[in-house]
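Spelled out from the first residue to the last, the chains are:
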Amino acid sequence: MEGDSSTTDASQLGMPGEYMAGSHYVLQSQDDDCDESLHDHEEGNGSKENFREQDIYLPIANVARIMKNAVPQTGKIAKDAKECVQECVSEFISFITSEASERCHQEKRKTINGEDILFAMSTLGFDMYVEPLKLYLQKFREAMKGEKGIGGISVTEGLGEELTDDSFANQLPAGIITADGQQQNVMVYTTSYQQIPGVQQIQFS
Amino acid sequence: MSGNNGEEKVNHASNSKGISLPMTRVKLIMKSSPDVSSINQEALLLTTKATELFVQHLALSSFNNGSGKDQTLLYSDLANTVEEKETFQFLTDILPKKILVRDYLKLLEENPIEEADN
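Only a predicted model underlies this, so the values are computations on that prediction, with no experimental measurement involved.

Undergrad: Any chance you could explain the overall build of chain A here in plain terms?
TA: Of the regular secondary structure elements, chain A holds five helices and six strands. Tracing chain A from N to C terminus, the helices and strands come up as β-β-α-β-α-β-α-α-α-β-β. Per-residue burial over chain A gives 41% buried out of 205 residues. Counted over contacts in chain A with a minimum sequence separation of 6, partners at least 24 positions apart contribute 49%. Total accessible area computed for chain A in this model is approximately 11000 Å², and 48% of it derives from carbon and sulfur atoms.

Undergrad: For this particular structure, what's the right way to read the overall build of chain B?
TA: Looking only at helices and strands, chain B features five helices and three strands. Ordered by position from the N terminus, the helices and strands of chain B form the series α-α-β-α-β-α-β-α. For chain B, with 118 residues in total, the buried portion stands at 49%. Restricting the contact set of chain B to residue pairs at least 6 apart, pairs at least 24 apart contribute 29%. Within the structure as shown, chain B displays about 5900 Å² of accessible surface, and the carbon and sulfur contribution to it stands at 48%.

Undergrad: Before we go on, may I ask you to explain the packing of aromatic side chains in this structure?
TA: Any two aromatic rings considered together are summarised by their centre-to-centre distance and by the angle between their planes. Summed over all chains, the structure comprises 11 aromatic pairs over all chains. Ring centres 5.0 Å apart and planes at 80° place the aromatic pair F92(A) and F126(A) in the edge-to-face group. On the criterion of sequence distance, the pair formed by F92(A) in helix α2 (residues 79–106) and F126(A) in the loop between α3 (114–123) and α4 (127–149) is long-range, its members being 34 residues apart. Like F126(A), F92(A) is buried. A centroid spacing of 5.9 Å and a plane angle of 80° characterise the contact between F126(A) and F90(B), whose relative ring orientation is edge-to-face. One end of the pair, F126(A), is in the loop between α3 and α4; the other, F90(B), is in the loop between α4 (75–84) and β3 (98–100), on a second chain. Take F126(A) and F90(B): they sit in the same class, and that class is buried. An aromatic cluster of at least three residues, connected via ring pairs, comprises F92(A), F95(A), F126(A), Y129(A), F54(B), F88(B) and F90(B). Here the guanidinium or amino end of R103(A) rests over the ring plane of F119(A), the centre of that ring lying 4.1 Å away. Lying across the ring of Y136(A), K49(B) places its NZ or CZ 4.8 Å from the centre.

Undergrad: Sorry if this is basic, but what is going on with α3(A) here?
TA: One turn of the α-helix equals 3.6 residues, which is why residues spaced by three or four share an orientation. Residues and elements named next belong to chain A. All of the buried residues along α3 are G114, D116, I117, L118, A120 and M121. Looking at where α3 begins, the residue whose side-chain oxygen comes 3.1 Å from the main-chain nitrogen of E115 is N113. One or two positions beyond α3, positive phi appears at G125, with a value near 95°.

Undergrad: What's the story with unusual backbone geometry in this structure? I'm lost.
TA: Most peptide bonds take the trans form, and the phi angle of most residues other than glycine is negative. Residue and element names in this part refer to chain A. The phi angle at K108 is positive, at roughly 60°, despite the residue not being glycine. Residue position: K108 is located in the loop between α2 and β4 (111–112). Taking the relative accessible area as the measure of exposure, K108 reaches 75% and is therefore exposed.

Undergrad: What's the story with the confidence of the model for chain A in this structure? I'm lost.
TA: Interpreting fine coordinate detail is not advised for predicted regions of low pLDDT. All names here are of chain A. Across chain A, the average pLDDT comes to 67, with 45% of residues at or above 70. Confidence over residues 31–49 falls short of pLDDT 50; this stretch has 30 contacts with residues more than four positions distant or in other chains. Overall, residues 149–200 carries pLDDT values under 50, and its contacts beyond four positions in sequence, including any with other chains, amount to 100 contacts.

Undergrad: Before we go on, may I ask you to explain the side chain of S62(B) in this structure?
TA: Residue and element names in this part refer to chain B. Tracing the sequence through the fold places S62 in helix α3 (residues 41–65). S62 sits in the buried class, given a relative accessible area of 0%. Dropping the residues within four chain positions of it, S62 is found in contact with L73, D77, L78 and T81.

Undergrad: Before we go on, may I ask you to explain the nonpolar core in this structure?
TA: General note: in soluble globular proteins, nonpolar side chains tend to be found buried as a group. F54(B), L91(B) and L95(B) are the most contacted members of the largest nonpolar core, which totals 61 residues. A per-element tally of this core places α3(B) first, with 11 residues. Contact partners of L95(B), with chain neighbours within four places excluded, come to C84(A), C88(A), Y75(B), L78(B), A79(B) and V82(B).

Undergrad: How should I be thinking about the pattern of salt bridges in this particular structure?
TA: Between side chains of opposite charge, a pair can form when the charged atoms approach closely. Residue and element names in this part refer to chain A. Throughout the structure, instances matching the rule amount to seven salt bridges over all chains. With its nearest N and O atoms 2.8 Å apart, the salt bridge here joins R109 to E107. Note on R109: relative accessible area 24%, which makes it partly exposed. A salt bridge links R109 to D116; the shortest N-O distance between them is 2.8 Å. Each member of the salt-bridge network shares a partner with another, and the members are R103, E107, R109 and D116.

How each quantity is defined
Residues numbered from 1 in each chain as written. Chains lettered and ligands numbered in written order. Predicted model: local features only at pLDDT ≥ 70, side-chain atom pairs only at ≥ 80, totals over all residues. Heavy atoms only, no water. Helix = DSSP H or I, 4+ residues; strand = E, 2+ residues; numbered from the N terminus. Buried < 20%, exposed > 50% of the residue type's maximum accessible area, 1.4 Å probe, protein only. Contact = heavy atoms within 4.5 Å. Areas by Shrake-Rupley, 256 points an atom, 1.4 Å probe, with all protein chains shown as cover. Phe/Tyr/Trp six-rings, centres within 6.5 Å; stacked < 30°, edge-to-face > 60°. Lys NZ or Arg CZ within 6 Å of the ring centre and 35° of its normal. Polar contact = N/O pair within 3.5 Å; in protein donor to acceptor, adjacent residues only side chain to side chain. pLDDT = per-residue confidence, 0-100. Core = buried A, V, L, I, M, F, W, Y, C linked by side-chain atoms within 4.5 Å. Salt bridge = Lys/Arg side-chain N within 4 Å of Asp/Glu carboxyl O.

Here's what the structure looks like:
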């Protein structure tokens, strides 16, 4: 076998299970022997191999956390389900991006902008995300504007880290929390969602 | 594991924007699409956020769609949801239904086919 990172070496690609070429089935591993770290793709500073678009994944820990918060509290998630969603996510991103890119090209533009993304979602059957996304963007912009007013305090690393249990309980006016005793316009995001079948609303606190 | 530390740093940066996914990684995936030249910040932000919504959407739909017996989201729940719901049908190629090795071997016995070189 050649040493190229093609599909035959499933473990390199962080793909779960064993795939049979040319069939409609995927072999299910009898035992849970997949090393967790294999499914977290290299951080980019490692291999510079030619990855196909579906070979790059978001970290499984992040994906699993979002899933866990989405299902009822008593619910559990099988390991291969997490890995599967991890792959689906990359597929989703590529799906949206291709569509957005196409529209961009049609309008003779080179840079994909927010509108292209929203349009792509509408076109591809994810129009239920559009309104929550617009709302999110609006609040994000407001938070950014506020930042300028206080002399450019960075709303990046360091802020918003200390989320106590209290901050998950109530819905505070969006965009304003206190950190270190100072009032700053920072967007704090809770990962506890209201369970609405099919669609998640965005909560800000 | 040292790998996790790297993730943690990235998570903190993302958290303050109200997202729990690393945007740099999302950008990498976006850039790997053919003919994509550049992506503006807003597009990246929206895509990352949308991805979160997507994970929730897929997970919850599949969970509700499942057998519901032991309250566990299984691979098969995902495969079934993808097959049944139009929104998720773009995923059918990457979510084949699983089969145990012994069942596959049985199938082969019954329907002998030429084995592809692995």
